[in-house]
Amino acid sequence: MTLAVVIFLLVVATIIFHFASPWWFTDIAADWSTIDLTISITFWVTGFVFIACNLFMAYCVWKFRQKEGHKAVYEPENHKLEAGLSIFTTIGVIAMLAPGLFVWATFVTPPENAAEYEVLGQQWQWQFRYPGADGILGTADTEFVSESNPFGVNPADPNGRDDVIVNDPDMHLPVNQPVKALLRSNDVLHNYTVAQFRVKMDLVPGLTSYLWFDPTEVGTYDILCEELCGIGHFIMRGSVTIDTQEDFDAWLANQPTFAETQSMAAPNLAAGQAQYAACAACHGQNGEGNQALNAPKLAGQQAWYIERQLNHFKVGARGGEGDTNGAQMVAFAGMLTTDEAVRNVAAYISSLPDTPAPTTVTGDIDNGYDIYDRNCAACHLDDGAGTWYTDAPKLSGMSDWYFVTQISNFRAGIRGLHSEDDYGEQMVAMATAMADAQEIADVAAYINTLR
Ligand SMILES: [Cu+2]
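**Some thoughts on the overall build of the protein chain**
Point 1. Looking only at helices and strands, the protein chain features 14 helices and 10 strands.
Point 2. For 451 residues, the compact-globule estimate of 2.2 N^0.38 gives 22 Å, and the protein chain exceeds it by more than 25% at 29 Å.
Point 3. The dimensions of the protein chain, computed from C-alpha atoms along their principal axes, are 100 × 60 × 35 Å.
Point 4. Looking at the protein chain residue by residue over its 451 residues, the buried ones come to 32%.
Point 5. Nonlocal contacts in the protein chain, meaning residues at least 24 apart in sequence, comprise 70% of its contacts between residues at least 6 apart.

Written out as structure tokens, the structure is:
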């Protein structure tokens, strides 16, 4: 009797939970209500079967409970019951599968007027490419991938010259214009998912997969990777902003074409050196750093990283509230008014002689190795050299006290949480690999051995 009541209450609780659950669909922002419909149909069919089976079970437990004088009968065959159950099950399965087949047929047939764009996934970043004025994406191959050509656009293909390159994880699309996303991966399986669009598809290295949708709501939505793709999988995030056609055109016109990214003038080291005079007061004549002023060593750091940090200080992605040390940088980064000036000074700094910073932090090197090897090497590399491929900077030879303050800042949310700081955000999650101040010191002590 008790068991029957428990089963009955379980069914009632499940139904209440289903309707009162906070974990429901996000608002839909694309023309894929048919996908929601198929999911609802599946819910209704499985929900009906769940309720019917469990109530029947509760009824049987109660009705045929042990009673004095009752005897069970063995009845192996019942044609009527079997025929009934088979027909009933068949209808249920057809109800669940048939709508899905129709929706799938639409899903694999993008409309004629769908505009194309490309999504490139790599560990652990999203990037995007739009066809230029000619409306044709140039051919691309991983064999052409390099720091200045992360998409591997074929330099010999004239169709690729005017392609628009978005080398950051935030993309835009115009509202009410069907689009077909061409999906490529530079390394392993990834999966391009925007919950509000209701569609998702794997990115498979070596081939181009696709999906299509018609965005219906202006707004900004998260892009997730829904394929386990390594240690950074959970921080492989991006955003897609659905704009009016006007805003979209303005945004697109602001992005560089492939030809522009390839024809950037070589940085001017002499101009960079002149700019650096203002920086030397804190960072030292040779970029060796000055702990008394909280100014880290800069020599030896990659130019692309220095450039990005200076731009982040300029737009306030670093040096904001609570970041008193970083705040000192905001005015000095602001002195570099043009992209060219930023490029020149970054190139000059990375050309300075790289002498490892003096060590000031001690800790358990073995424990530091354990943490580094499991959590950090995938992006910052085994020798701490960093790589543009994962956007992770060089750590070996850096000021160890600066390492400690930066990890503490990531952990405290002082660095990395600004909406423009997509890469710093990855470190906010990774910095939790160190449990406390002692473990931060342990990793610093291990990195001190990588010189
Ligand atoms: Cu991924």
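After presenting the structure, the write-up continues.
**Remarks on the domain arrangement of the protein chain**
Point 1. When cut into domains, the protein chain gives domain 1 (2-63 + 78-107), domain 2 (115-262) and domain 3 (269-447).
Point 2. Placing the centre of domain 1 and that of domain 3 at their C-alpha centroids yields a distance of 54 Å.

**Considerations on the sheet that holds strand E3 (residues 164-166)**
Point 1. If you trace the five strands from one edge of the open sheet to the other, you get E3-E2-E1-E5-E8, paired in mixed fashion. Edge strands, defined here as strands with exactly one partner in the open sheet, are E3 and strand E8 (209-213). On average, adjacent strands in this sheet sit at an angle of 25 degrees to one another, irrespective of strand direction.
Point 2. Two strands pair when backbone bridges link them, and strand E1 (residues 115-122) and strand E2 (residues 125-130) are joined in this way by five bridges, in the antiparallel orientation.

**Looking at helix H12 (residues 400-412)**
Point 1. When the terminal C-alpha atoms of H12 are compared, their 18 Å separation across 13 residues agrees well with the 18 Å that a helix rising 1.5 Å per residue should span.
Point 2. The set of residues buried in H12 consists of Asp 400, Phe 403, Gln 406, Ile 407, Asn 409 and Phe 410.
Point 3. Each element contacted by the buried residues of H12 is listed here: helix H13 (422-430) and helix H14 (437-447).
Point 4. Following H12 by one or two positions, Gly 413 has its phi on the positive side, about 75 degrees.

**Describing the nonpolar core**
Point 1. With 32 residues, the main nonpolar core has Val 119, Ala 181, Tyr 192, Phe 197, Phe 213 and Val 240 as its most contacted residues.
Point 2. Residue-level mapping places this core at the junction of two domains, with at least three residues from each of domain 1 (2-63 + 78-107) and domain 2 (115-262).
Point 3. Once residues within four sequence positions are removed from consideration, Tyr 192 is found in contact with Val 119, Gly 121, Ala 181, Leu 183, Lys 200, Met 201, Leu 203 and Ile 223.

**With respect to the pairing of strand E9 (residues 219-225)**
Point 1. With two bridges joining them, strand E6 (residues 190-194) and E9 adopt antiparallel strand pairing. Within E9, the position partnered with Tyr 192 by the bridge is Cys 225.
Point 2. Sheet topology note: the E9/strand E10 (residues 237-243) ladder contains six bridges and is antiparallel. The partner of Ile 223 across the bridge, within E10, is Gly 238.

**Considerations on the packing of helix H2 (residues 33-63) against helix H3 (residues 79-107)**
Point 1. Viewed as axis vectors pointing N to C, H2 and H3 meet at an angle of 170 degrees, and their least axial separation amounts to 9 Å. When the interaxial angle is binned, H2 and H3 end up roughly antiparallel. Side by side, H2 and H3 meet where Thr 34, Ile 35, Leu 37, Thr 38, Ile 41, Thr 42, Val 45 and Val 49 of the first sit next to Gly 92, Ala 95, Met 96, Pro 99, Gly 100 and Val 103 of the second.
Point 2. Among the residues making up the contact of H2 with H3, the classes are represented as nine nonpolar, five polar and no charged.

**Considering the sheet that holds E10**
The pairing of strands in a sheet comes from backbone hydrogen bonds and takes either a parallel or an antiparallel form.
Point 1. Taken in spatial order, the five strands make up an open sheet running E4-E10-E9-E6-E7, and their pairing is mixed. Each edge of the sheet is formed by a strand with only one pairing partner; in this case those strands are strand E4 (170-174) and strand E7 (199-203). Going from strand to strand, the sheet's axes swing by 25 degrees on average, the running direction of each strand aside.
Point 2. For E4 and E10, the ladder comprises five bridges, and the chain directions are parallel. The residue bridging His 172 from the neighbouring strand is Thr 241, located in E10.

**Looking at the packing of helix H7 (residues 303-315) against helix H8 (residues 324-334)**
Point 1. Contact geometry of H7 with H8 gives a least axis separation of 8 Å together with a crossing angle of 100 degrees. In terms of axis orientation, H7 runs roughly perpendicular to H8. Between H7, through Leu 310, Phe 313 and Lys 314, and H8, the contact on the second element is made entirely by Met 329, Val 330, Ala 333 and Gly 334.
Point 2. Looking at the contact of H7 with H8 residue by residue, the class counts come to five nonpolar, one polar and one charged.

**Digging into the pairing of E7**
Point 1. Across five bridges, the pairing between E6 and E7 is antiparallel. Counted as the bridge partner of Asn 191 is Asp 202 from E7.
Point 2. Turn length for the E6-E7 hairpin, with the two strands adjacent in sequence and antiparallel, is four residues, and the turn residue Arg 198 shows positive phi of about 70 degrees.

Thresholds applied
Residues numbered from 1 in each chain as written. Predicted model: local features only at pLDDT ≥ 70, side-chain atom pairs only at ≥ 80, totals over all residues. Helix = DSSP H or I, 4+ residues; strand = E, 2+ residues; numbered from the N terminus. Rg over C-alpha atoms; globule rule 2.2 N^0.38 Å. Buried ≥ 20, exposed ≤ 12 C-beta atoms within 10 Å, placed from the backbone. Contact = placed C-beta atoms within 7 Å. Domains from an automatic or database assignment. Pairing = 2+ DSSP bridges. Axes fitted to C-alpha atoms, helices over the stretch in contact; angles between N-to-C directions. Expected span 1.5 Å × (residues − 1). Core = buried A, V, L, I, M, F, W, Y, C linked by C-beta atoms within 7 Å. Parallel < 35°, antiparallel > 145°, perpendicular 65-115°, else oblique. Nonpolar A, V, L, I, M, F, W, Y, C, P; charged D, E, K, R; others polar.

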